[in-house]
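Below are the chains, spelled out letter by letter.
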Amino acid sequence: MMSAQGFGDLTLLLAIPVIGAALLLFLPRRQSCALFTVALLASAAAFLWSLKIFNRFDGGSGAMQLVERVAWMPAVGIQYLLGIDGISIFLVLLTTFLMPLALLASWSVRDKVKEYLIFMLLLETGMLGAFLALDLVLFYVFWEVMLVPMYFLIGVWGGTRRIYAALKFVLFTMAGSLLMLVAIIYLATRHAQMTQALTFDVMQLYELHLPVEQQFWLFLAFALSFAIKVPLFPFHTWLPDAHVEAPTAGSVILAGVLLKLGTYGFLRFALPLFPDAAIALMPYLIALSVIGIVYGALVAMMQTDIKKLVAYSSVSHLGFVMLGLCALNMQGVQGSLYQMLNHGLSTGALFLLVGMIYDRRHTRLISEFGGLWKQMPLFSALLLVVTFSSIGLPGLNGFVGEFLILLGAFRVTPAWTAVAASGVILGAVYMLWMFRRVIFGPLNNPENQKLQDLNSRELIILTPIIFLIVLMGVYPQPFLSRMQPAVEANLKRILAMPAAPAAVQIEVSGEPKNDGR
Amino acid sequence: MDVNLVPLLPAVQVLVTALVVTLRDLFIKDGESRGVLAFYSLVGLGLAAAEVFFLLGGRQEGAFNDSYMLDRFALFFALIFILAAALTILSAIDYVRQTGMREGEFYALILFATVGMIVMAAANDLMVFFLGLETMSIAVYVLTGMWRSNGRSSEAAMKYFLMGAFATGFLLYGIALIYGATGSTNLAQISAYLLDQPSEWPVYLIGGGFLLLIGFAFKVGAVPFHFWVPDVYEGAPTPVTGFMSVAVKAAAFAAWARILLYKLSPLDNDWVFPLWIIAIATMTLGNLLAITQHSIKRMLAYSSIAHAGYLLIPIVVGVEWGGLPLLFYLLAYSFMTLGAFAVLTSMTEGDESKDGYSDFAGLGFKRPFLALAMALFMLSLAGFPPLAGFTGKFYVFRSAVLSGHLNLAIIGVLNSLLSVIFYLRVIVAMYMEEGGAAGKSFRQAPFVYIAVAIALLGTIYLGILPADALDWSRRAFGSLE
Amino acid sequence: MIALHNYLILSAVIFSIGVIGVLIRRNLIVVLMSIELMLNAVNLTFIAFSRYLGSTDGQVIVFFVMAVAAAEAVIGLAIIISVYRHRQSLDPQEMQLLKW
Amino acid sequence: MMSSDLLRWIPLIPLLASAINLFFGRAIGKRPAGALASAAVGASFALAFYVFWQLPASGVMRDLVYTWIQSGSFQINLSFQVDALTAVMLLIVTGIGLLIHIYSLGYMAHDADMVRFFVYLNLFIFFMLVLVMGDNLLLLFVGWEGVGLCSYLLIGFWYHDPNNAIAGNKAFIVNRIGDLGFILGIFILVAELARQGVWTLDFAELAKQVKLLSPATITLVTFLLFIGATGKSAQLPLFVWLPDAMAGPTPVSALIHAATMVTAGVYMTARLHFLFALAPATLALIAVVGAATAFFAATIALTQNDIKKVLAYSTVSQLGYMFLAVGMGAFGAAIFHVFTHAFFKACLFLGSGSVIHALGGEQDMRKMGGLKSHMPRTYWTYVVATLAIAGAPFTAGFFSKDLILWQTFSHGAIALWGVGLVTAGMTAFYMFRQLFMVFHGECRADEHAKAHLHESPAVMTWPLMILAAGSIFTGWLGAPEYLWGSRWDHWLEPIFGKVAHHGAVSTELLVTGLTLAVVAAGIYLAYLMYGKPGAQPASVPSGLLHKISLNKYYVDEIYDFALVRPFTLVAKFFASIVDPWVIDGAVNGVAATTRGLSTIWRGLQSGNVQHYAAMFVTGALALLAYYLGQLS
Amino acid sequence: MDTASFIFYLLATLLVIASLLVVFLRNVVHCAMALVTALLLIAVMFVTLHAPMLCVLQVMVYAGAIMVLFLFVIMFLNPGALEQQRGLWWGFGTLLAMMLAGVLVPLVATSDLPADPVAATELFGSPEMLAKSLFSDYVLPFEIASVLLLVAIIGAVVLAKREN
């Protein structure tokens, strides 16, 4: 499947938002309705196109598909190399799916609409590119490209401390990614020295087996970059700031997609490129993940601002995702991948809901609310579903991911997993606490007595998410089965090396044992 | 002795243009429009560029006993100089009028400086190089002080001149010692001498090399010879600052590349360590000090120091890997820096320069194009892909890694991180704050917009499709053989 | 005959004395003169090498250096006049509009 | 083994009804929505009964819907099964559920949110059915958590009172603590089996593969699973949520917090009896915990004044009995008690609901009394159920509780038996105390409430009567050998195997007699203190023991002090010190340091050109000195 | 000590003294006079090094043209007669420059230098030789130097011309 050449469907997918942004440039800034329509159409077109790609996608194969390969800087072997597999396809879908909803949720943006929409669309391209890129340099380019629109979104349309938050976001991210750049260069250099082939093609670089001590540093550089993005404890402090200050759609995209790039980076790059180092350092990563789970939850519990609470809950949830990756077995990794989607949906929805209530009340302090069920039953009901999805209630999507993650991790590190599992309790504690204080209780605050329930636009935003939350909880198999071959291929890459320590068990056999049935 | 004048063509073209401008100026009465002079200058530069392209296609050869080599390398740099001069003139047209500087002399001096630069890039003889350098320097000294009604401009000229002349003394001393050791100033002969008698070089030969290096380090603004840079850049008229930070730096690096990096490369081992320190100190100090500036112009001055630091990386890396990144980075740097200064040029009210961060507040929505361009220039300078600055840095750091100077690459990227702080502050001001100055509209300063647009196109082009320029850079450096 | 290094040492010393002037004098004109002194020291080196190498190039170079020195002197003095107009002073240490 | 697509409809019908009511409930209207919900459960009940009838003597019915989760070799199906055990549970859930649905039609008639109530209630039935019908441990866990969710929602049903919502939270979170044990148990099970190449959570498969596991593993697994059970079934030390859960509407208390959900722990142990049976240590622990809980809860119930709190603690106590039975390995007896308890406890709760309904929401027994004459049907059903729970001869409670006590005794656990015996006495005492306080004596309600006193409508009393009948006759299924023998044990034989009977009939009769004597003593004591004319039921006896009991041994306060507060403090420490000052402080510190360095170094740029020249010379000096240094 | 050596040492001593006077005299005009002296002494030294033509140029260009220009500017601006001293900085600057001398001198004071001058021909240093060189080998630098001077003229005019 790697033979395809030239530009193709994936490039078009990347281009659609850019085309939309270009169209916006030529529209007069006063007609915000037209601007919104164009942006919405562009993102919807991207979503439809990604569905078409999904349709063409062969879920039974673990190989890269729809590969597009164009020489970019041939002198040093940098290519415009795109491809998609079971790992990235769903993240791409998640991105294109959330973007129209985020745009719809931006209706309350009245200021500088044109620029806002342009940045949103560019952000989409950046994220999609990062998921699709198979050339390390190209990946890095997209990785950085998406930083800029996000910076603007937070900095221009954010809250009171937006400038601080935006700068912190950028600096944190760049702190990691610049070192990764050096590591990328070094890796390709070593590859060139050892094989005489000058390339940044990640599929080729997988084949390279560096000595452990070199892998060690390279892995650290990659891992730092991704860990900051995830964010792994203790690199997380940019996240609450960014989330709190970002506009609703920014938070949705940030939590929904951007954070996934960190875990995706681990899965796609850091782990398979440097398997020996990854396995040697795994205990530390596991420890950080688990600390993040518990720590994030504890801190979330004490927050007075709903958005901040959700932000810290992301720290906790992403800790789960990392833990699953660290398990390096089918259940853990697949669970992680699944949980990335879940988190994208449920946390995205949470931010949307918080945004909706913020639009009405212009506050996010938990203490300002109470008894909203009376006034906003629809809102409350949807928040309830999303809350339980976030808690990981069986039957909703969160459970499947969390269960697989914990199961996978438990097979590797029971003690840490047991601690991590306590995060499930803590998750219930802070989410339900928040829910209780916001939704239940008497409707005392006169400000709240005038609240309007969700309007149809808001319902349109939330309905598809809720639908997916339920669907992915009840019937995850269509998702899982398409992920499996790619995850398996990836795991083989990571584990198929001589020095795997005994603690890590290799289990990548695809066929389930169906005895007695 | 055969006299081959063809290689002189671009330099003479620019020189003639300068003379025409000077003379034509005399026939324009006071109070009449002098726009035609800018037009002449641009046409002359355009012709020179055309000649450069023409020569690129032909056989590159030396002239005057090979003391002047208009090879691909020189042509590459000639294009940068011509570009810089053209964009400077474009963005200066309104500025010069507004500040009451003498238009004819201004353009003429830019052109004279360009002549000197082309000579520097092509010089294959230390004396030719030295005279080119002085021609350029003197023209730029004058340009710096041309805004005579402005005390800062004069002060900057004084500082620049004093430090420049002082550095010239060291440079010349270096030339003298090298001449003494090798009996010639011709680089071909010096190079031959170095290769003939390895390890029997007299002490003062290498000492001369060091003194030469000091002179170059001064010109490019490397720590600790950088102190003039912020003051001079801040005080000079804005277009001149842009010209200095691009063309003068490029010329110095061109000479450095040809003379120290290439011809004197046998001496590499002697100064690689100090250069390593200088490179690190330059980028770190430049970035560090840029953080706390209040004037964007002065920030750009420090940033230009920092970029000199990045440019020193390929020089430390050496002749094997350093050539391409050095040239490409200079090209990329030229576009983005010229663009940034062009935007700055538009920020004048009356004869007052509005170059503080606070003056840029809210520009993003008052002058969307200028602000967008400025934002992209800043991002490019900070090294965000897919802009020219990223590609440049990528190759610079790659060269460091390839040559085993991993530490330089790491320090380099950490510096990039540092630089993000102040580059983004410009964007913060433009998009996230309110108030500030207005900047000129297209009507008020159409040529600035053209200059900005050209620089922007270059910045984006080199970021997205750098393959051709990279190839070109590689072949240009290769032509030094 | 005098050995070459005597000339070279002499010019090094003169060069350094010129540097002293540049560093310490608080009159721009004297600073400029000190720079001229430095250039002359270099000239001396050139001529001495030229003599001991039997190469005429050194003398030609000195000819050019003189031209450069003259040009620098002219420009330097012009700049000094220009600065003096603004400040009514020739003390370089008082010129600190531009700093930090 | 039979396969049937029918099974899936048993849980699906209530789910569909729930969904219909969720989306269209407002449009349909309150009463039709309630009727729909009840009809759905009725349909489920009919199906369940049909399945029960069709169930082959030794057989199992299966219905594989689809593969739910598959990851590598790990595969979990969404698949239902019905065997004898499940069939019993099915009937309890749908049967009692149906009655309570019908009852709720009356009870909730005046509530504005009745539709929402039925949505929750149907959803609960769905999850409960998933719990009992799931053919693997994970599906059981899905139902397990799902009923927890419904419990949460229903406890907080009247959300405007913050206490209700708090109680809901408490229920959910305490359950989650138990669930942590549950899920870890599952993990160990999977991981250990996976190590041996077996990937399953399927009950049938597990039963086959259980020999692969080491005894230590089994003990650990069962222990962790039991922790889950203590959460769901309100055993020590996680029982604290159940009394608070009474904040929900009374039908909910009856259905969820008495008859069905809280017995899920018992069901789970019974379902995994093949594991538990291999873990004697765990069984011993279960027995002790069960007996202790039974006793402990009973002592609290002695003094409670809230009509529903008494019933709640009695539920905890009865659940303790069930676990005592489990601990004895008498799974059949445990399930039998689940079965009988469902009837009389549902009856009691619904009766209390009827009383509360009549009194306009009053729950304090001190403000009741003399209701016998006002609501005779409620009274008589209540009497029957009280007799049943107290263990009066030939009532359901008599048979099931006696069976447990006898099993305990005959296993030689005399101490536990003693505890159970005393508890039986206390049960009789507090139940009759309640009966007397509520229905006998003077009416202590205020005038306003008195004026509105009325018997509940038929839609509420009919279920009461059916349940009361069940409270008597269901017990006859499990009569001891010395009467007509147990049909119950026979029915469950395919699951638990043949129940061995040890001990002589005479001993058994003796033990039963002893129990009856203790029960009679309890009843008499209650009569003396509360029922006798002239007794002062509302007066508060003083005394330390009484106070401790009244305040529930201060367990909530102890938990608050020993667990919740330290925990909150830690969280606060992280949130307000570690995060902003240590971690963020480090980040901001780096930033501040950078700026500081910048400011300091800026000082070098003094503006004095001669300083610059001096720096230049210094640089040159350093370079040349370096070179000269290299030479030497 | 032979005559040549004596002359050298004498000239050297005088030259150092004159140079020191340039940098240490506090009156600008005195400094200029000292500089003229130093330049003339260098001119004499050029003669001893067989560069008679440059000696002439040195006298004419430096001592003549440039110094006159200096004096002219001094008179024109007429700054305060005596320059202030600032002790610490003077000491520091002098020390720094002496240290510089301390590294420059070892650079050139090596024995691997040609000990004796090459036997000079008649032509060496003559105007003829210089002219030949300038217009053959050095014609390009010569042209550039002319541009340089042109730039200097224009620049001087631009900078020093009084504004209207």
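Residues numbered from 1 in each chain as written. Chains lettered and ligands numbered in written order. Predicted model: local features only at pLDDT ≥ 70, side-chain atom pairs only at ≥ 80, totals over all residues. Heavy atoms only, no water.

### Points about the overall build of chain C
Helices and strands together make up the secondary structure of chain C, namely three helices and zero strands. Moving toward the C terminus, one meets the helices and strands of chain C in the order α-α-α. Taken over C-alpha atoms, the radius of gyration comes to 17 Å for chain C, far larger than the 13 Å a tight globule of 100 residues would show. Each of the three principal axes of chain C carries a C-alpha extent, and together these read 50 × 25 × 25 Å. Looking at the 100 residues of chain C, the share that counts as buried comes to 81%. Summarising the internal contacts of chain C: among those between residues at least 6 apart in sequence, 53% fall at separations of at least 24. Taken as a whole, chain C presents about 1700 Å² of accessible surface, with 54% of it coming from carbon and sulfur. With 6 positive and 5 negative side-chain charges, chain C shows a separation of 8 Å between the mean positions of the two kinds. (Helix = DSSP H or I, 4+ residues; strand = E, 2+ residues; numbered from the N terminus. Rg over C-alpha atoms; globule rule 2.2 N^0.38 Å. Buried < 20%, exposed > 50% of the residue type's maximum accessible area, 1.4 Å probe, protein only. Contact = heavy atoms within 4.5 Å. Areas by Shrake-Rupley, 256 points an atom, 1.4 Å probe, with all protein chains shown as cover. Lys, Arg positive; Asp, Glu negative; His and termini not counted. Charge placed at Lys NZ, Arg CZ, Asp CG, Glu CD.)

### Some details on the overall build of chain B
A tally of helices and strands in chain B yields 19 helices and four strands. When its C-alpha atoms are laid out on the principal axes, chain B stretches across 65 × 55 × 40 Å. Of all 481 residues assigned to chain B, the portion counted as buried reaches 76%. Within the structure as shown, chain B displays about 11800 Å² of accessible surface, and the carbon and sulfur contribution to it stands at 61%.

### Regarding the interface of chain E and chain B
Reports often express the size of an interface as the amount of accessible area lost when the parts come together. The interface of chain E with chain B comprises 30 residues on the first partner and 36 residues on the second. The tally of links between chain E and chain B comes to zero salt bridges. At the boundary of chain E and chain B, one finds two residue pairs in polar contact (both at pLDDT 80 or more). Secondary-structure elements contributing two or more residues to the side of chain E that touches chain B are helix H4 (87-108) and helix H6 (139-160) of chain E. The dominant element in the side of chain E that touches chain B, judged by the number of residues it contributes, is H6 of chain E, at 15 residues. Here the side of chain E that touches chain B is built from residues that sort into 21 nonpolar, four polar and five charged. (Salt bridge = Lys/Arg side-chain N within 4 Å of Asp/Glu carboxyl O. Polar contact = N/O pair within 3.5 Å; in protein donor to acceptor, adjacent residues only side chain to side chain. Nonpolar A, V, L, I, M, F, W, Y, C, P; charged D, E, K, R; others polar.)

### Description of a nonpolar patch on the surface
Residues and elements named next belong to chain D. Residues Trp 9, Leu 16, Ile 20, Leu 22, Phe 23, Phe 24 and Ile 28 make up a contiguous nonpolar surface patch of about 720 Å² in total accessible area. By secondary structure assignment, the location of Leu 22 is in helix H1 (residues 9-28). Under the relative-accessibility criterion, Leu 22 is labelled exposed at 52%. (Patch = residues over 30% accessible without salt bridge, like charges linked within 9 Å, V, L, I, M, F, W, Y side chains within 5 Å.)

### Topic: the packing of aromatic side chains
What describes a pair of aromatic rings is the distance from one ring centre to the other and the angle between the planes of the rings. For the structure shown, the criterion picks out 120 aromatic pairs over all chains. With a centroid separation of 6.4 Å and 20° between ring planes, the pair formed by Phe 226 of chain A and Phe 269 of chain A is classed as stacked. With Phe 226 of chain A in helix H9 (residues 212-229) and Phe 269 of chain A in helix H11 (residues 248-273), this pair connects stretches of sequence that are 43 residues apart. Summarising the burial analysis for this pair, Phe 226 of chain A and Phe 269 of chain A share the class buried. One aromatic cluster is present, formed by Tyr 141, Tyr 160, Phe 161, Phe 166, Phe 170, Tyr 173, Phe 218, Phe 225, Trp 228 and Tyr 233 of chain B, Phe 15 of chain C together with Phe 616 of chain D through successive ring pairs. In this structure, Arg 364 of chain A is placed above the aromatic ring of Tyr 358 of chain A, and the distance from its NZ or CZ to the ring centre is 4.7 Å. Over the ring of Phe 203 of chain D we find Arg 271 of chain D, and its NZ or CZ is 5.6 Å from the ring centre. (Phe/Tyr/Trp six-rings, centres within 6.5 Å; stacked < 30°, edge-to-face > 60°. Lys NZ or Arg CZ within 6 Å of the ring centre and 35° of its normal.)

### Notes on the interface of chain C and chain E
Taken together, the contact between chain C and chain E spans 70 residues of the former and 83 residues of the latter. Buried surface at the junction of chain C and chain E, summed over both partners, amounts to about 7000 Å²; 77% is from carbon and sulfur atoms. Interface area lost by chain C to chain E is led by Met 33, Arg 51 and Gln 59 of chain C, which between them contribute 10%. Our count for the chain C to chain E interface comes out at zero salt bridges. (Buried area = accessible area lost by both parts, 1.4 Å probe.)

### Things to note about the arrangement of the chains
Most contacts, when the eight pairs of chains in contact are compared, are made between chains C and E. Taking C-alpha atoms as the reference, chain A and chain C come no closer than 24 Å and do not contact one another. Regarding chain A and chain E, the two do not touch, and the least distance separating their C-alpha atoms is 38 Å.

### Details of the pairing of strand E2 (residues 61-71) of chain D
All names here are of chain D. Sheet topology places E2 next to strand E3 (residues 74-82); nine bridges connect them, and they run antiparallel. By the bridge assignment for E3, Ser 71 is matched with Phe 74. Counting the residues in the hairpin turn of E2 and E3 gives two residues, including Gly 72, whose phi is positive at 60°. (Pairing = 2+ DSSP bridges.)

### Section: unusual backbone geometry
For the bond from Val 223 of chain B to Pro 224 of chain B, the omega torsion is 0°, close enough to zero to count as cis. Within the secondary structure, Pro 224 of chain B sits in the loop between helix H8 (203-220) and helix H9 (228-235). With omega at 0°, the peptide bond leading from Leu 236 of chain D into Pro 237 of chain D counts as cis. Note on placement: Pro 237 of chain D falls in the loop between helix H8 (215-232) and helix H9 (241-244). Of note, the phi angle at Leu 66 of chain A is positive, near 50°, even though the residue is not glycine. With respect to the secondary-structure elements, Leu 66 of chain A resides in strand E1 (residues 65-73). Residue classification places Leu 66 of chain A among the buried residues on the basis of a relative accessible area of 14%. Positive phi, normally seen in glycine, also occurs at His 362 of chain A, with a value near 55°.

### Some details on the environment of Leu 137 of chain D
Residues and elements named next belong to chain D. With respect to the helices and strands, the residue Leu 137 is situated in helix H5 (residues 137-155). Measuring from C-alpha to C-alpha, the distance between Leu 137 and Ile 286 comes to 20 Å, with 149 residues separating the pair along the chain. Sequence-distant contacts of Leu 137, defined by excluding residues within four places in its chain, comprise Phe 182, Ile 186, Leu 189, Leu 201, Phe 203 and Leu 272.

### Quick word on the packing of helix H14 (residues 330-361) of chain A against helix H19 (residues 456-474) of chain A
In a pair of packed helices, the angle between the axes and the distance between the axes together describe the arrangement. Residue and element names in this part refer to chain A. Running from N to C, H14 and H19 point in directions that differ by 150°, and their axes come no closer than 10 Å. Between H14 and H19, the angle is such that the two are roughly antiparallel. Here H14 runs over H19; the crossing is left-handed. Only Glu 458, Ile 461, Leu 462, Ile 465, Leu 468, Ile 469, Met 472 and Gly 473 of H19 make contact with H14, whose side of the interface consists of Tyr 338, Leu 341, Asn 342, Leu 345, Ser 346, Ala 349, Leu 352, Leu 353, Met 356 and Arg 360. (Axes fitted to C-alpha atoms, helices over the stretch in contact; angles between N-to-C directions. Parallel < 35°, antiparallel > 145°, perpendicular 65-115°, else oblique. Left-handed = near helix turned anticlockwise from the far one by under 90°.)

### With respect to the nonpolar core
By size, the foremost hydrophobic cluster in this structure holds 817 residues, and its most contacted members are Phe 219, Phe 222 and Phe 266 of chain A together with Phe 77 and Phe 170 of chain B. Sorting elements by how many residues they give to this core places helix H3 (residues 72-99) of chain B first, with 21 residues. Not counting residues up to four positions away in its chain, the partners in contact with Phe 222 of chain A are Leu 136, Met 180, Ala 183, Ile 184, Phe 269, Ala 270, Leu 273 and Phe 274 of chain A. (Core = buried A, V, L, I, M, F, W, Y, C linked by side-chain atoms within 4.5 Å.)

### Brief notes about helix H24 (residues 555-602) of chain D
All names here are of chain D. Under the 1.5 Å per step criterion, the end-to-end length of H24 is 65 Å for 48 residues, consistent within 8% with the ideal 70 Å. The largest bend along H24 reaches roughly 50° and is located at Val 578, with the proline Pro 580 sitting one to four residues downstream. Looking at H24, one finds that the buried residues are Val 555, Ala 571, Ala 575, Val 578, Asp 579, Ile 583, Asp 584, Thr 594, Ser 598 and Arg 602. (Expected span 1.5 Å × (residues − 1). Bend = angle between axes of the 7 residues up to and from the residue.)

### Comments concerning the packing of helix H14 (residues 307-327) of chain D against helix H17 (residues 396-410) of chain D
All names here are of chain D. In the contact formed by H14 and H17, the axes pass within 9 Å of each other and the chain directions differ by 45°. Between H14 and H17, the angle falls in the class oblique. Crossing angle aside, the handedness with which H14 passes H17 is left-handed. Residue-level contacts link Gln 318, Tyr 321, Met 322, Leu 324 and Ala 325 of H14 to Lys 401, Ile 404, Leu 405 and Thr 408 of H17.

### Concerning helix H7 (residues 187-196) of chain B
Residue and element names in this part refer to chain B. Listed as buried for H7 are Leu 187, Ile 190, Ser 191, Tyr 193 and Leu 194. Seen along its axis, H7 keeps its buried residues to an arc of 155°; they face one direction. For H7, the exposed residues set more than 90 degrees away from the buried face come down to Leu 195 and Asp 196. Residues of H7 that are buried make contact with helix H5 (126-144), helix H6 (151-182), H8 and helix H10 (238-263). Where H7 begins, one side-chain oxygen reaches toward the backbone nitrogen of Ala 188, 2.8 Å away; that side chain belongs to Asn 186. (Arc of directions from axis to C-beta.)

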